[in-house]
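Each chain, letter by letter, is given below.
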Amino acid sequence: MCGIVGILGQHQVAPILVDALKRLEYRGYDSAGIATVNNGLLDRRRAVGKLVNLSDVLVHNPLAGLAGIGHTRWATHGAANEQNAHPHACGPVTVVHNGIIENFRDLRETLSAHGYSPVTDTDTETVAMLCAHYLAQGHDPKAAVQATIAELDGAFALLFLFEGHENLMIAARKGSPLAIGHGDGEMYVGSDAIALAPMTDQITYLDEGDIAFITRDGADIIDATGAPAHRDIQRIEAQATVIDKAGHKHFMTKEIHEQPVVLSEALARYAPNGIPALPEALDFTKFDRILMVACGTGYYSCLTAKYWFEQIARIPCEVDVASEFRYREPPIAPRTLAIFVSQSGETADTLAALRYAKDQADMIVSLVNVGTSSIAREADLALAILAGIEVSVASTKAYTNQLTVLALLALAAAQAKGAIDDHGLASHMKDLRQVPDLMRQTLKLDNDIASLAKTLAPAPSVLFLGRGVMFATALEAALKLKELSYIHAEAYASGELKHGPIALIEPALPVVVFAPHDRLFDKTVSNMQEVMARHGQVMLITDAQGRASASDGTHSLLELPATGDLSGPIVYALPAQLLAYHTAMAKGTDIDQPRNLAKSVTVE
Ligand code: G6P
């Protein structure tokens, strides 16, 4: 979603701002812009589409200045056009923004009485107008920003630059994160530390409600009450900010191929001696039920884990998408453990859901990939999934690492509840520990999967089927295919086939069936046969035993290594990811940044 950068530098900032914005491209965006203050005057350049378009504009119409702010916009209010692109300006102030100003219509009305009329469709412009209004009333920039922020409803990160002030940026955080970077006689602001990585590894994260007044000498921060606040400077590990395709064509394939390694790291952290070793604070004997909430891919990892918590640990488990959960406002029963899963740790709906559950659930645990994120900080216990930076918008390694940590949680819960004996635990752990190897074997099937994708690429629609844990895999596979190839895809629990989707079956509809040879295999095969009897095109993803007993009549087949209850959905996620990847390659779509999608969805 929107990316923010700002620099008070010693050199011309325009190219450095564009470079920093490039490091935020992974968040997803549809226009970009920068503004500088030079010889006391503000000026800006903006362009629709990729950053290369902004660079082109700057080649023909350069922008001078040692102080500047920049932005990649993911449209919320108003189309993705140049006029709506940030920075937004009004008189002596310009601003970039991530988030939503919920009361912008009311503010617009009030401001129109003072002679301010908007020229864009955005909520952000209202912030510039409001700040300009306070400046016109004689406030200095600091007081004007404080007065402005006090009037804004919603969740946002804002960065301001002012006419006549070449040594001042003002940053404000309410709901969306902002990082301040400390350099040598220079200061920086970024949506995350990754944006600032080439310039500095010394980072201060703003807290909720903070406003930072930044000059080249440092940052003065006040908290939500207006009192001066101290925020530590942290040193960010270089490793944590490396964004590099490592020889791969796309971040997505790089991240798919990293899975055996990062998954081993999660296993080493949470099961160092071959059995689950989770923080002591997480005592499953205190809980009678589990609630899991997430969005997107994280939701599917929760759906998978529901089967594990219920079947292995015998704990009732409820799973919901955060956007529904937060407004449904369900009662949360006593002795509930609430788990929030979010790769970015900033997803607005998941954060709101966590806040709703906070006073009701006995304990809030978050599974995040970004340790400094809001969802990590607001949980009673944050478990890092240790996937490493995920740049591709479509989540891959974060998904399988979420599954791995959730599997270990389920085993820890089963142990604490006495639902498995030592033998059972050992056998599940053996299954889980073989996953990196099974993944490596599966990744060797890349060329076979690329051939299968040729069947999917021309299809207008694809149906995915799975039973039990494989139902969630089917859902994730359909999501991946939609995201990357823009092909309509749906997933059904195989048993639901007869209740509607069977009407869609015809030769042109590829039906991808995830069916390891487990105790539900024969049931799934019956459903598959119903598809084949109606001349549907079945692509069966199974193992050697499954191939031996059910390959007849299938259109195509992919044989994976044999898997178990825990390893199955983790390993089968790989062909789901690679099918989507190769279908997108065949269609020529934008793989790392699919249209309209954002990596970190900080608005609801
Ligand atoms: C966006 C991303 C997905 C992600 C979802 C939830 O839609 O494109 O890849 O699964 O947000 O994000 P989170 O960071 O909370 O896991």
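Treat the numbers as computed from the prediction; the structure is a model and nothing was measured.

**Student:** Just to check I follow, could you spell out the site of the ligand for this structure?
**Tutor:** In the vicinity of the ligand, the contacting residues are C295, G296, T297, S342, Q343, S344, T347, V393, S395, A598, K599 and V601. Measuring from an oxygen atom of the ligand, one finds a side-chain N or O atom of T347 at 2.4 Å. Here an oxygen atom of the ligand and a backbone polar atom of A598 are 3.0 Å apart. Coverage of the ligand by the protein amounts to 90% of the 380 Å² it exposes when considered alone. Its atoms largely coinciding with the cavity grid, the ligand occupies the second largest pocket. In terms of residue class, the shell around the ligand is built from four nonpolar, seven polar and one charged.

**Student:** It is not clear to me how empty space enclosed by the protein should be interpreted in this structure. Could you clarify?
**Tutor:** With the rule as written, the count across this model stands at two cavities of 30 Å³ or more. Approximately 60 Å³ is the volume attributed to the largest cavity. If you trace the largest cavity, you find it lined by C2, R73, W74, A75, T76, H77, H86, H97, G99, T122, D123 and T124. Here the lining of the largest cavity is composed, by residue class, of three nonpolar, seven polar and two charged. Here the second largest cavity defines a volume of roughly 40 Å³. Residue lining of the second largest cavity: R467, M470, F514, A515, P516, D518, L520, F521 and T524, and that is the complete set. Among the residues forming the lining of the second largest cavity, the class breakdown is six nonpolar, one polar and two charged.

**Student:** Would you take a moment to explain helix α4 (residues 124–136) for this structure?
**Tutor:** Turn by turn, an α-helix covers 3.6 residues, leaving residues three or four places apart pointing in a common direction. An ideal rise of 1.5 Å per residue puts 18 Å on 13 residues; α4 measures up with 19 Å between its terminal C-alpha atoms. Across the 13 residues that make up α4, a large majority, twelve, are buried. Looking at α4, one finds that the buried residues are T124, E125, T126, V127, A128, M129, L130, C131, A132, H133, Y134 and L135. Its buried side turned inward, α4 meets β5 (88–90), β6 (93–101), α3 (104–112), α5 (141–150) and β7 (154–162). Of the residues flanking the end of α4, it is G138, one or two places downstream, whose phi is positive at about 105°.

**Student:** Before we go on, may I ask you to explain the pattern of salt bridges in this structure?
**Tutor:** Opposite charge on two side chains lets them pair, provided their charged atoms get close. This structure, assessed with the given rule, holds 22 salt bridges. Across the pair D207 and R231 runs a salt bridge whose closest N-O atoms are separated by 3.7 Å. Placement of D207 in the loop between β11 (202–205) and β12 (211–215) and of R231 in the loop between β14 (228–229) and β15 (234–235) is noted, with a sequence separation of 24 residues between them. For D207, a relative accessible area of 28% corresponds to the partly exposed category. R231 is the partner of D210 in a salt bridge, and the nearest nitrogen-oxygen pair spans 2.6 Å. Note that D210 is positioned in the loop between β11 and β12 and R231 in the loop between β14 and β15, a separation of 21 residues in sequence. When salt bridges that share partners are traced, they join D207, D210, R231 and R377 into one network.

**Student:** Is there a simple way to think about the packing of aromatic side chains in this case?
**Tutor:** For any pair of aromatic rings, the description rests on two quantities: the centre-to-centre distance and the angle between the ring planes. Within the structure shown, the criterion is met by five aromatic pairs. Judged by centre distance (5.6 Å) and plane angle (80°), the rings of F325 and Y356 are edge-to-face. Taken together, the positions of F325 in helix α9 (residues 322–328) and Y356 in helix α10 (residues 348–358) put the pair 31 residues apart, joining distant regions of the chain. The exposure class of F325 is buried, given its relative accessible area of 0%. Residue Y356 is classed as partly exposed on the basis of its relative accessible area of 22%. The side chain of K142 reaches across the aromatic face of F213, ending 5.3 Å from its centre. Its end group placed over the ring of Y270, R269 keeps NZ or CZ at 5.9 Å from the ring centre.

**Student:** What am I meant to see in the layout of surface pockets here?
**Tutor:** In this approach the atoms are scanned with a rolling probe the size of a water molecule, which exposes any empty space left behind. By volume, the second largest pocket amounts to about 570 Å³. As for the second largest pocket, its lining consists of 26 residues, and the residues nearest its centre are C295, G296, T297, A598 and V601. Breaking the lining of the second largest pocket down by element, the ones donating at least two residues are α8 (296–311), β18 (336–342), α10 and α16 (469–485). Of the residues assigned to the lining of the second largest pocket, the class counts are nine nonpolar, twelve polar and five charged.

**Student:** Quick question: what am I supposed to make of the packing of helix α12 (residues 397–416) against helix α19 (residues 567–587) here?
**Tutor:** A pair of packed helices is characterised by two quantities: the angle between their axes and the separation of those axes. Where α12 contacts α19, the two axes come as close as 10 Å, and the packing angle between them is 170°. By the angle between their axes, α12 is roughly antiparallel relative to α19. In this structure, α12 uses Y399, T400, L403 and T404 to contact α19, whose residues at the interface are P569, I570, A573, L574 and Q577. Here the residues of the contact of α12 with α19 are counted per class, giving six nonpolar, three polar and no charged.

**Student:** When you look at helix α7 (residues 251–270) in this model, what are you seeing that I'm missing?
**Tutor:** Here α7 contains 20 residues, and its C-alpha end-to-end distance of 27 Å stays within 8% of the 28 Å for a straight helix at 1.5 Å per residue. The largest bend in α7 is about 50°, located at Q259, with the proline P260 one to four residues further on.

**Student:** Explanation requested: the environment of P260 in the structure shown.
**Tutor:** Here P260 lies in helix α7. For P260, a relative accessible area of 3% gives the class buried. When the C-alpha atoms of P260 and M439 are compared, they prove to be 6.0 Å apart, with 179 residues separating the residues in sequence. When sequence neighbours within four positions are dropped, the list of residues in contact with P260 reads P436, M439, R440 and L443.

**Student:** What am I meant to see in the sheet that holds strand β9 (residues 179–182) here?
**Tutor:** Reading across the sheet, the eight strands line up as β3-β2-β4-β1-β10-β9-β11-β15 and stay open at both edges, with antiparallel pairing between neighbours. In this open sheet, the two edge strands, each paired with only one partner strand, are β3 (41–48) and β15. Relative to β11, β9 runs antiparallel, the two being bridged by three bridges. Bridge pairing in β11 places I180 opposite T204. Helix α1 (residues 14–22) contacts β1 (3–8), β2 (31–38) and β4 (67–73) of the sheet and is inclined by roughly 150° relative to β1. Along the sheet, helix α2 (residues 51–60) makes contact with β2, β3 and β4, crossing β3 at roughly 135°.

Definitions and limits used
Residues numbered from 1 in each chain as written. Predicted model: local features only at pLDDT ≥ 70, side-chain atom pairs only at ≥ 80, totals over all residues. Heavy atoms only, no water. Near = heavy atom within 4 Å. Polar contact = N/O pair within 3.5 Å; in protein donor to acceptor, adjacent residues only side chain to side chain. Areas by Shrake-Rupley, 256 points an atom, 1.4 Å probe, with all protein chains shown as cover. 1 Å grid on protein atoms, 1.4 Å probe; cavity = no way out; pocket = protein on both sides within 12 Å on 5 of 7 lines; lining within 4 Å. Sits in = over half its atoms within 2 Å of the grid points. Nonpolar A, V, L, I, M, F, W, Y, C, P; charged D, E, K, R; others polar. Points joined across faces, edges and corners; volume = space filled by probe spheres on them. Helix = DSSP H or I, 4+ residues; strand = E, 2+ residues; numbered from the N terminus. Expected span 1.5 Å × (residues − 1). Buried < 20%, exposed > 50% of the residue type's maximum accessible area, 1.4 Å probe, protein only. Contact = heavy atoms within 4.5 Å. Salt bridge = Lys/Arg side-chain N within 4 Å of Asp/Glu carboxyl O. Phe/Tyr/Trp six-rings, centres within 6.5 Å; stacked < 30°, edge-to-face > 60°. Lys NZ or Arg CZ within 6 Å of the ring centre and 35° of its normal. Axes fitted to C-alpha atoms, helices over the stretch in contact; angles between N-to-C directions. Parallel < 35°, antiparallel > 145°, perpendicular 65-115°, else oblique. Bend = angle between axes of the 7 residues up to and from the residue. Pairing = 2+ DSSP bridges.

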